[in-house]
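Next come the chains, spelled out residue by residue.
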Amino acid sequence: MKTLPEVRTVQHFINGEFVDGVSGRTFQSLNPATNTPIAGVAAGTGEDVGRAVQAARRAFDEGPWPRMSAAARARALHRIADLIDRRADEIALVECLDTGIPYTQIRQGQIPRAAENFRFFAEMTTQVPNATYPVEGAFLNFTIRVPVGVAGLITPWNTPFMLETWKVAPCLAAGCTCVLKPAEWAPLSASLLAEVIREADLPPGVFNVVQGFGETAGAPLVAHAMVNVISFTGETTTGAEIMRNGAATLKRFSMELGGKSPVIVFPDADLERALDATIFGVYTLNGERCTANSRLLVDRRIHDDFVGKLVERVARLRVGVPMDPATEIGPLIHPDHWERVTAYMEIGQREGALLATGGKRPAGLPVGNYLEPAVFTGVVNSMRIAQEEIFGPVLVVIPFEDEAEAVRLANDVRYGLAAYLWTGDITRGHRVAQALEAGMVWVNSQNVRDLRTPFGGMKHSGIGREGGHYSFDFYMEYKTIHVAQGTHRIPKMGPGEKERPTGFRGLGC
Ligand code: NAD
């Protein structure tokens with residue numbers, strides 16, 4: 001078992017320095033396994049945000065980062081990736097203490113992926129595609145891509161380190177500078193990211209972190225006139241609020257929001273693999289996962305058998321302290337979130353669903369935000385437990401009669417982030433995948449990401465896509481340059497009586 005680091009102090013990171021907040025106020029970050037404080041964190045205000053944005057603006061307008069070659073930026077991003085790898089154990093430990101996600105899942109999944117985000121976008125930055133549009137003999141028209149400016153990056157508490165790197169890597173690769181506002185329930189690993197970026201020797205002001213709450217640190221970042229774009233990941237209602245607050249300064253937004261993703265199991269599927277993937281998809285990361293397959297739609301003909309095995313397996317999932325390598329489900333992030341998730345146990349049963357397993361505090365874990373993983377059966381799609389994002393280890397099971405009903409139920413929800421389907425019939429696989437209203441569909445697979453593909457959701461699950469070159473559409477502007485190659489005719493205005501201007505080419509807006 002690893003030793004716990006001492007309670008630490010977490011400051012902002014502005015212009016290459018760790019600094020206290022202007023107000024001097026701090027808040028505590030809790031260990032979800034004990035609900036004891038593990039850090040005192042600077043509680044950012046508009047003044048801290050102002051300083052960080054000024055630093056980012058200066059670094060963008062005057063500093064070397066946007067002006068250096070893509071190859072030089074790529075080398076810096078590779079240095080960051082190498083440093084993450086070198087400090088992976090420590091980062092995973094801090095993340096585990098701060099979030100309650102099992103150490104093995106963080107160390108084996110999240111931290112390598114964080115390093116991979118930097119390596120991937122380091123490669124991408126040297127390959128940003130441009131286009132030419134020659135007009136024979138008259139013009140050479142071409143596009144170049146320029147970084148958009150200062151980005152505000154606002155992140156949630158689930159898998160914070162990985163998600164922060166998912167935004168920071170493409171942002172820096174594009175040549176932008178940024179201010180990151182991490183979530184108040186999991187602020188620690190952002191500070192380690194700042195340490196890594198400082199050690200990688202990026203110019204001051206390129207990457208800044210302001211810690212604090214959404215209303216007092218996030219909102220001033222969104223409203224700041226010198227911030228060009230906001231990339232936000234979080235709840236749908238918060239996303240809407242942020243868009244309202246950013247409207248006055250005409251922000252560009254990328255919105256990665258909530259989900260209530262279906263997994264559809266047809267009777268002709270490899271049911272063993274479908275069962276493994278269903279359990280993995282909803283109960284990893286403590287169920288606090290945006291792409292979780294939290295609604296199981298299963299053909300009525302295999303329902304009883306499939307659900308019987310499911311419930312048996314879920315009841316055997318090991319809930320425990322997140323540092324224990326045997327733990328499969330750790331404590332939820334915060335007591336308030338535990339209350340919120342647990343309330344759905346009551347809500348579901350009141351609505352008439354059957355709580356087939358779980359949903360209680362596990363025996364032997366009297367403190368901390370522990371919850372037995374739950375399965376609801378007998379669920380009707382209109383129930384709140386089938387429509388609302390619970391964001392915890394809770395799966396609802398809904399039977400369907402045929403393919404048409406499966407698709408209708410899958411789409412009958414306000415979200416559209418991910419969808420999963422299991423079938424042995426390739427034609428049906430394609431047909432259903434195309435009918436599902438989701439930004440990302442996996443056929444006969446759990447959520448295995450290819451970083452080149454666009455990530456994001458439809459409907460209330462988001463606006464825009466990030467990943468691959470789609471990230472550069474967000475963090476970069478197109479600039480089109482038209483170069484005359486000869487002496488094309490220019491209409492002459494004001495020549496007096498001698499000549500009337502004709503041939504009004506060039507009257508576009
Ligand atoms: P949240 O919306 O409560 O908070 C997210 C971030 O926004 C935090 O940093 C918070 O401080 C900040 N914030 C809150 N109010 C703000 C405001 N008015 N102005 C600016 N910033 C503000 O979300 P959460 O509870 O931290 O995270 C869980 C949610 O995130 C779930 O809905 C989940 O589905 C979603 N999520 C989505 C994705 C995705 O890629 N689609 C990925 C992970 C999580």
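Draft legend 1. Broad picture of the domain arrangement of the chain. The domain architecture assigned to the chain consists of domain 1 (12–257 + 461–477) and domain 2 (262–450). Taken over C-alpha atoms, the centre of domain 1 sits 30 Å from the centre of domain 2. Residue-level contacts link 26 residues of domain 1 with 31 residues of domain 2. Interface area for domain 1 against domain 2, summed over the two sides, is near 2300 Å², with a carbon-plus-sulfur share of 61%. For domain 1, the biggest contributors to the area lost against domain 2 are Trp157, Trp185 and Ser461; these three give 24% of the whole.

Draft legend 2. The arrangement of the sheet that holds strand β7 (residues 139–147) in detail. A sheet is described by the order of its strands in space; here three strands give the open sequence β6-β7-β23, paired in antiparallel fashion. Two strands in the sheet have a free side with no partner beyond their single neighbour: β6 (132–135) and β23 (476–484). The average angle at which neighbouring strand axes cross in this sheet is 20 degrees, direction not considered. Across nine bridges, the pairing between β7 and β23 is antiparallel. Residue pairing in the sheet places Pro147 in a bridge with Met476 of β23. The strands touched by helix α15 (residues 468–475) are β7 and β23; relative to β23, the strand with the most contacts, the crossing angle is about 80 degrees.

Draft legend 3. Examining the site of the ligand more closely. Close contacts around the ligand come from 30 residues, with Lys181, Glu184, Thr238, Leu257 and Glu389 the closest. Residue Thr238 places a side-chain N or O atom 2.6 Å away from an oxygen atom belonging to the ligand. Measuring from an oxygen atom of the ligand, one finds a side-chain N or O atom of Glu256 at 3.3 Å. Calculation on the ligand without its partners gives an accessible area of 850 Å², and the protein chains cover 92% of this total. Mapped onto the shell around the ligand, the elements with two or more residues apiece are α7 (214–223), β11 (229–233) and α8 (236–246).

Rules used throughout
Residues numbered from 1 in each chain as written. Predicted model: local features only at pLDDT ≥ 70, side-chain atom pairs only at ≥ 80, totals over all residues. Heavy atoms only, no water. Domains from an automatic or database assignment. Contact = heavy atoms within 4.5 Å. Buried area = accessible area lost by both parts, 1.4 Å probe. Pairing = 2+ DSSP bridges. Helix = DSSP H or I, 4+ residues; strand = E, 2+ residues; numbered from the N terminus. Axes fitted to C-alpha atoms, helices over the stretch in contact; angles between N-to-C directions. Near = heavy atom within 4 Å. Polar contact = N/O pair within 3.5 Å; in protein donor to acceptor, adjacent residues only side chain to side chain. Areas by Shrake-Rupley, 256 points an atom, 1.4 Å probe, with all protein chains shown as cover.

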